[in-house]
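For reference, the chains in residue letters:
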Amino acid sequence: MAYDYAPFPYVAPPGLTTSEPRHPVAIVGAGPIGLAMAIDLAQHGIKSVVLDDNNVVSIGSRAICWAKRTLEIFDRLGIGSRVLDKGVTWKVGRLFHGADEVYSFDLLPEAGHKYPAFINLQQYYVEQYLVERSQELSDWIDLRFLNKVTDHRDHGDHVALTIETPDGPYTLEADYYVAAEGAGSPTRKRMDLPFEGQTFEEHFLIVDVELPHSPFETEDPERWFWFAPPFHQGQSALLHKQPDNIYRIDLQLGAETDPKTEATEEKVIPRIKAIIGDMDFRLDWMSVYKFRCAKLDQFVHNRVLFVGDSAHVVSPFGARGGNGGIQDVDNLGWKLAAVLNGAPTSLLDTYQQERSFGSAENILNSSRATNFMTPKSDIETLFRNETLALAAKHPFARKLINSGRLSQPCTLAGMDLQSGDHPLVGQALIDLPLGNGWLVEQAQGQFTLLTLDSQSWPDTVASLALPHTPVCGARYGTTGAFLIRPDGHICAYFETPDTAAITAALTRATGGHA
Amino acid sequence: MILDDNLGSQGDSLYAQLMQAHEGLSTAQSHALNARLVLMMMNEIGNADIITALLKEARNISSD
Ligand SMILES: Cc1cc2nc3c(=O)[nH]c(=O)nc-3n(C[C@H](O)[C@H](O)[C@H](O)COP(=O)(O)OP(=O)(O)OC[C@H]3O[C@@H](n4cnc5c(N)ncnc54)[C@H](O)[C@@H]3O)c2cc1C
């Protein structure tokens, strides 16, 4: 059944008739990133106004792959279980070269984690759940649809915004301005900030179809990837499952195709039939894209902060766009809340340090995948084809096949907020079963000391004793304690309960000088 | 002869370096580069049994 794009109601904002008190934070854009930002801030007790020029969720599914770390962040934001329940968890991946299967692999989730490596769920569902969660937090979140931000000015200690509504324009002020307006970011353009990178020449046709039954041999969800598919000469293709019997098909079209004629039913329907065979289907959505990898140098410009696609864009291979943006939110939320509560503004510079690095890593990974999938010369094609030929027999070559390396959180080791050089410092926490629940449910949202042994640890910071289970020992060891930031990253390790060292690490992690 | 993965997390970056080494070359120049590279790697491996086995296995696998 097609998704019901019910419009969200527009309510005339107070600013049309009176001057609004200054808002702590104005978030421009209610895509997945802007909405997640508002929820994160609300959970840290910070009020925000969210302005969106539109009044429906993302049309077409766009992002469908949500990675484990994102699901863990969604857990903290209150929609994790809902996303997991509705989403599709893959079981088997198959890779084809031409008509032949090169190899298949098992995608069974590793035991001892609440969330699998990733799930598939249409972006419109994720946005719907985030909107509903925001509405639950309406004491903190003022969500305004059909409110288009047309101008902003940074006055040093606040930002003034001009907003267009169906009832005319108004203005408001905010201490901080978060630009979450997506890849075309009008704020970025107004500020004339360079946004450079690589544009890939090939066009990709993205189609969602609803099928009456699975195109795979069994009803288990699979992911099929073709290099040089027999039904579509010389290019690549991808087929995978989303909820509601919707299947995503990605077809690489090549550089010289005309996107307008490609995205027509006459062209698309025969291609789909070539993939799924002769069954009835409903075309749900289609679009033709050219992908780009680019990022801002600076995500922080005094009181204007960039998050999500307005700060960086990647090609979708590896699903690092939305997933990367959710990590921006996770990183910025607690820092912005702390700064609004009096922490030094230099804490925001660490958002730049950590997420600019993370987004560069995402761009590197998706560029490599795109390059592998779209060889630029005869010799690149030759290497790719021989890699595929070797992969049918030899595992080493399977590792070199790159149709996207799935989004992983980057390590923050060696950056300003982290202390010490334990190998886990800088990493995102690793989930664990905890008797009646999961570590990700209990150790995120505030600084927490995870203690492994029975030494008497100080109570200067919230603490959680980890269970003495083999899985915990394997993931964290059996002695000492880890300090976890509100965004779930490990920022220090202590062998002994040295209160001064713990205080120093905490001071450092909150932007103070130890 | 190692046919399981031996590059670990370096695989993608080394593959990218290999492609970069070929950037801007004509097909003939690329073949020449590949030939030089194979000869250098053979010398680097320095073990006749392994090289013989690799040659045989590479010849065995046909891509069409
Ligand atoms: C085909 C495709 C497949 C993808 N697959 C994946 C995937 O599998 N996994 C993944 O993680 N990512 C994927 N992505 C990327 C993902 O869709 C984006 O990274 C994500 O939507 C970014 O969210 P955002 O909130 O930053 O921006 P957007 O989703 O673009 O939202 C921006 C919002 O700002 C609003 N806005 C714009 N201008 C103004 C203004 N002046 N005033 C007020 N509001 C404004 C817009 O209406 C919109 O609601 C894919 C993208 C595409 C195109």
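Here, the structure is the one placed above.
This section reports on the structure supplied with the text. (Residues numbered from 1 in each chain as written. Chains lettered and ligands numbered in written order. Predicted model: local features only at pLDDT ≥ 70, side-chain atom pairs only at ≥ 80, totals over all residues. Heavy atoms only, no water.)

## A look at the packing of aromatic side chains
Residues and elements named next belong to chain A.
- Within the structure shown, the criterion is met by 27 aromatic pairs over all chains.
- Ring centres 5.8 Å apart and planes at 35 degrees place the aromatic pair Tyr103 and Phe105 in the tilted group.
- On the accessibility criterion, Tyr103 (15% relative accessible area) is buried.
- Of the aromatic side chains, those joined through ring pairs into one cluster are Phe96, Phe216, Trp224, Trp226, Phe231 and Tyr247.
- Stacked on the ring of Phe195, the Lys or Arg Arg188 has its end atom at 3.5 Å from the ring centre.
- Stacked on the ring of Tyr176, the Lys or Arg Arg303 has its end atom at 4.5 Å from the ring centre. (Phe/Tyr/Trp six-rings, centres within 6.5 Å; stacked < 30°, edge-to-face > 60°. Buried < 20%, exposed > 50% of the residue type's maximum accessible area, 1.4 Å probe, protein only. Lys NZ or Arg CZ within 6 Å of the ring centre and 35° of its normal.)

## Brief notes about the side chain of Thr374 of chain A
- Within the secondary structure layout, Thr374 of chain A lies in the loop between helix H9 (346–373) and helix H10 (378–391).
- Excluding residues that lie within four positions of it along the chain, Thr374 of chain A makes contacts with Glu202, Phe204 and Gln252 of chain A. (Helix = DSSP H or I, 4+ residues; strand = E, 2+ residues; numbered from the N terminus. Contact = heavy atoms within 4.5 Å.)

## Thoughts on helix H8 (residues 321–340) of chain A
Residues and elements named next belong to chain A.
- Taking 1.5 Å per residue, 20 residues should reach 28 Å; H8 reaches 28 Å between its end C-alpha atoms and fits that length.
- Taken as a whole, H8 carries its principal kink of about 30 degrees at Leu332.
- Here H8 lies mainly inside the structure; 17 of its 20 residues are buried.
- After H8 finishes, the residue Gly342 shows a positive phi value of roughly 110 degrees. (Expected span 1.5 Å × (residues − 1). Bend = angle between axes of the 7 residues up to and from the residue.)

## What about the interface of chain B and chain A?
- Each side of the interface is counted separately: chain B has 21 residues, and chain A has 22 residues.
- With both chains or domains summed, chain B and chain A bury close to 1,800 Å², and 63% of this area falls on carbon and sulfur atoms.
- Our enumeration of links across chain B and chain A arrives at three salt bridges.
- Among the salt bridges present, the one from Lys393 of chain A reaches Glu57 of chain B, with a minimum N-O distance of 2.7 Å.
- Along the contact surface separating chain B from chain A lie six residue pairs in polar contact (both at pLDDT 80 or more).
- Within the residue set of the side of chain B that touches chain A, elements represented by two or more residues are helix H1 (11–22) and helix H2 (27–45) of chain B.
- Here the side of chain B that touches chain A gets eight residues from one element, more than from any other, and that element is H1 of chain B.
- Counted by class, the side of chain B that touches chain A contains seven nonpolar, nine polar and five charged residues. (Buried area = accessible area lost by both parts, 1.4 Å probe. Salt bridge = Lys/Arg side-chain N within 4 Å of Asp/Glu carboxyl O. Polar contact = N/O pair within 3.5 Å; in protein donor to acceptor, adjacent residues only side chain to side chain. Nonpolar A, V, L, I, M, F, W, Y, C, P; charged D, E, K, R; others polar.)

## As for the environment of Lys114 of chain A
All names here are of chain A.
- For Lys114, the position within the fold is in the loop between strand S5 (100–106) and strand S6 (118–120).
- Classification of Lys114 as buried rests on a relative accessible area of 16%.
- For the pair formed by Lys114 and Gly78, sequence separation is 36 residues and the distance between their alpha carbons is 14 Å.
- Within the structure, the side chain of Lys114 is placed 2.7 Å from the side chain of Asp75, a separation counted as a polar contact.

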